Amino acid sequence: MPSRHAGVSQNMAPDLNSTKDLFVFLGKSVFSVLEDMVFTLIPKPQKNVAGEIVLITGAGSGLGRLLALKFASLGSVLVLWDINKEGTEETCEMAQAAGATRVYAYTCDCSQREEVYRVADQVKREVGDVSILINNAGIVTGKNFLDCPDELIEKSFDVNFKAHLWTYKAFLPAMIANDHGHLVCISSSAGLTGVNGLADYCASKFAAFGFAEAVFAETVAQKHMGIKTTIVCPLLINTGMFEGCTTKFPSLLPVLEPEYAVRKIVDAILQEKVYLYIPRVLYFLVFLKSILSSKIATLLCEYLGIFNVMDGFVGKKKKD
């Protein structure tokens, strides 16, 4: 018959383990807080990306092109994807002029799963294993939900979200095998809060954000510590995609200059930050959204003019 003392010992073991886990958690938390405080005052060391194979979708213009030029100056091997062949080749030439020694341009419609897989296989054969994947390609319809044709809604999801699924499927396995890689999701402030006139865009960007965050959680849970994640949520960027859009208080919610946005994005990648919201006021506004009542939050949006951001939207002008 088991003794009373044996039962007490068995009951104490889980309590001791729980106490140990608590102290480990508190110790790591204190260390993390101190580390964050130090890096608030002193810039975090940046990793070296020279020789890293960097794949950028939507590299034929705008933000993607500027990201390519920045990584070219850092000595990275560039893999440029865009549906626009002419734009991609132009970016390729500009990257070479910026100092890149190895640049590969591919025409790829990221909305098509089989095409993503086909071009990805070509990249693996011709270039090697991608170590930094930047999902930047995006489109915007700028129509109210009921006015937006079904095919445009589907296209928004195919480009802004589903392309992330297929590129991760294509390139993440090698990153896991090498325990080395960096996944970069260019989401949007519209992936943090709903915006009038951007229902399909917001939905696709929310999906991209949630997917990137979930895969980040998987890599942590599975101890793939060599794989990093950066999720970027910028406000409007002056690349032409949101041509005609303005904000009521540009000093508080500015339309970002592309060069500034790229500098912040690349710094976040080099410092291995998980989240980047630009401008910084977005951190505060997202916090307010989580604590305010819906009525007060609506009043705040009306005051800041957030409901009217899309009123002047004309979209990206097409070349003749």
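Every value quoted in this text rests on a predicted model; they were computed, and no experiment measured them. (Residues numbered from 1 in each chain as written. Predicted model: local features only at pLDDT ≥ 70, side-chain atom pairs only at ≥ 80, totals over all residues. Heavy atoms only, no water.)

A. View of the pairing of strand β6 (residues 227-234). Among the eight residues that make up β6, seven are buried, leaving the element largely enclosed by the rest of the structure. Alignment of strand β5 (residues 181-186) against β6, held across six bridges, turns out to be parallel. Within β6, the position partnered with Val 184 by the bridge is Thr 230. Bridge count between β6 and strand β7 (residues 275-278): four bridges; the pairing is parallel. Looking across to β7, one finds that Ile 231 is bridged to Tyr 275. Handedness of the crossover joining β6 and β7 through helix α7 (residues 258-270): left-handed. (Buried < 20%, exposed > 50% of the residue type's maximum accessible area, 1.4 Å probe, protein only. Helix = DSSP H or I, 4+ residues; strand = E, 2+ residues; numbered from the N terminus. Pairing = 2+ DSSP bridges. Right-handed = clockwise from strand over helix to strand, strands pointing away.)

B. Local environment of the sheet that holds β7. Across the sheet, which stays open at both edges, the seven strands sit in the order β3-β2-β1-β4-β5-β6-β7 with parallel pairing between neighbours. At either margin of the open sheet sits one strand with a lone partner, and together these are β3 (103-107) and β7. Between one strand and the next, the sheet's axes are offset by a mean angle of 15°, whatever the strand orientation. Here strand β1 (residues 53-57) pairs with strand β2 (residues 77-82) via five bridges, running parallel. Residue Ile 53 lies in a different strand from β2, and its bridge partner there is Val 77. Those strands touched by helix α4 (residues 113-126) are β2 and β3, and its axis lies near 160° from that of β3. (Axes fitted to C-alpha atoms, helices over the stretch in contact; angles between N-to-C directions. Contact = heavy atoms within 4.5 Å.)

C. Focus on unusual backbone geometry. The residue after Ile 278, namely Pro 279, is reached through a cis peptide bond having omega 0°. By the element assignment, Pro 279 lies in the loop between β7 and α8 (281-291). With a phi angle near 45°, Asp 179 is a residue other than glycine that sits in the positive phi range. Following the sequence through the fold, Asp 179 ends up in the loop between α5 (150-178) and β5. By relative accessible area, Asp 179 is classed as partly exposed at 40%. One non-glycine residue with positive phi stands out, namely Glu 272, at about 55°. A relative accessible area of 29% places Glu 272 in the partly exposed class.

D. Structural context of the packing of aromatic side chains. Counted by the stated rule, this structure contains nine aromatic pairs. Aromatic side chains Tyr 117 and Trp 166 sit 6.3 Å apart centroid to centroid with 75° between the ring planes, which places their arrangement in the edge-to-face category. Separated by 49 residues along the polypeptide, Tyr 117 in helix α4 and Trp 166 in helix α5 bring together distant segments of the chain. When the centroid spacing of 6.3 Å and the interplanar angle of 75° are considered together, the rings of Phe 161 and Phe 211 count as edge-to-face. With Phe 161 in helix α5 and Phe 211 in helix α6 (residues 199-221), the pair connects residues that are 50 residues apart, well separated along the chain. Side by side, Phe 161 and Phe 211 carry an identical accessibility label, which is buried. Taken together through their ring pairs, the aromatic side chains of Phe 161, Tyr 168 and Phe 211 make up a single cluster. It is Arg 113 that lies over the ring of Trp 166; its NZ or CZ is 5.6 Å from the centre. (Phe/Tyr/Trp six-rings, centres within 6.5 Å; stacked < 30°, edge-to-face > 60°. Lys NZ or Arg CZ within 6 Å of the ring centre and 35° of its normal.)

E. The side chain of Thr 91, seen in detail. Of note, Thr 91 is situated in helix α3 (residues 85-97). Excluding anything up to four places from it in sequence, Thr 91 contacts Ala 59, Gly 60, Ser 61, Arg 65, Ala 68 and Leu 80.

F. Region of interest: a positive patch on the surface. On the surface, a cluster of positive charge is made up of Lys 44, Lys 70, Arg 263, Lys 264, Lys 273 and Arg 280. As for its placement among the helices and strands, Lys 70 is situated in helix α2 (residues 62-73). (Patch = residues over 30% accessible without salt bridge, like charges linked within 9 Å, V, L, I, M, F, W, Y side chains within 5 Å. Areas by Shrake-Rupley, 256 points an atom, 1.4 Å probe, with all protein chains shown as cover. Salt bridge = Lys/Arg side-chain N within 4 Å of Asp/Glu carboxyl O. Lys, Arg positive; Asp, Glu negative; His and termini not counted. Charge placed at Lys NZ, Arg CZ, Asp CG, Glu CD.)

G. Summary view of the side chain of Ser 111. Locating Ser 111 in the fold gives a position in the loop between β3 and α4. Within polar-contact distance, the side chain of Ser 111 engages the side chain of Gln 112 at 3.4 Å. Looking at Ser 111, its side chain comes within polar contact range of the side chain of Lys 155, at 3.1 Å. Leaving out residues up to four positions away in the same chain, Ser 111 has contacts with Lys 155, Asp 158 and Val 159. (Polar contact = N/O pair within 3.5 Å; in protein donor to acceptor, adjacent residues only side chain to side chain.)

H. Representation of α2 in the model. Over its 12 residues, α2 runs 17 Å from end to end, which matches the ideal 16 Å to within 8%, given 1.5 Å per residue. Taken together, the buried positions of α2 are occupied by Leu 63, Gly 64, Arg 65, Leu 67, Ala 68, Phe 71 and Ala 72. The inward-facing, buried residues of α2 contact β1, β2, α3, β4 (132-135), β5 and α7. Gly 75 sits one or two positions beyond α2 and adopts a positive phi of about 85°. (Expected span 1.5 Å × (residues − 1).)

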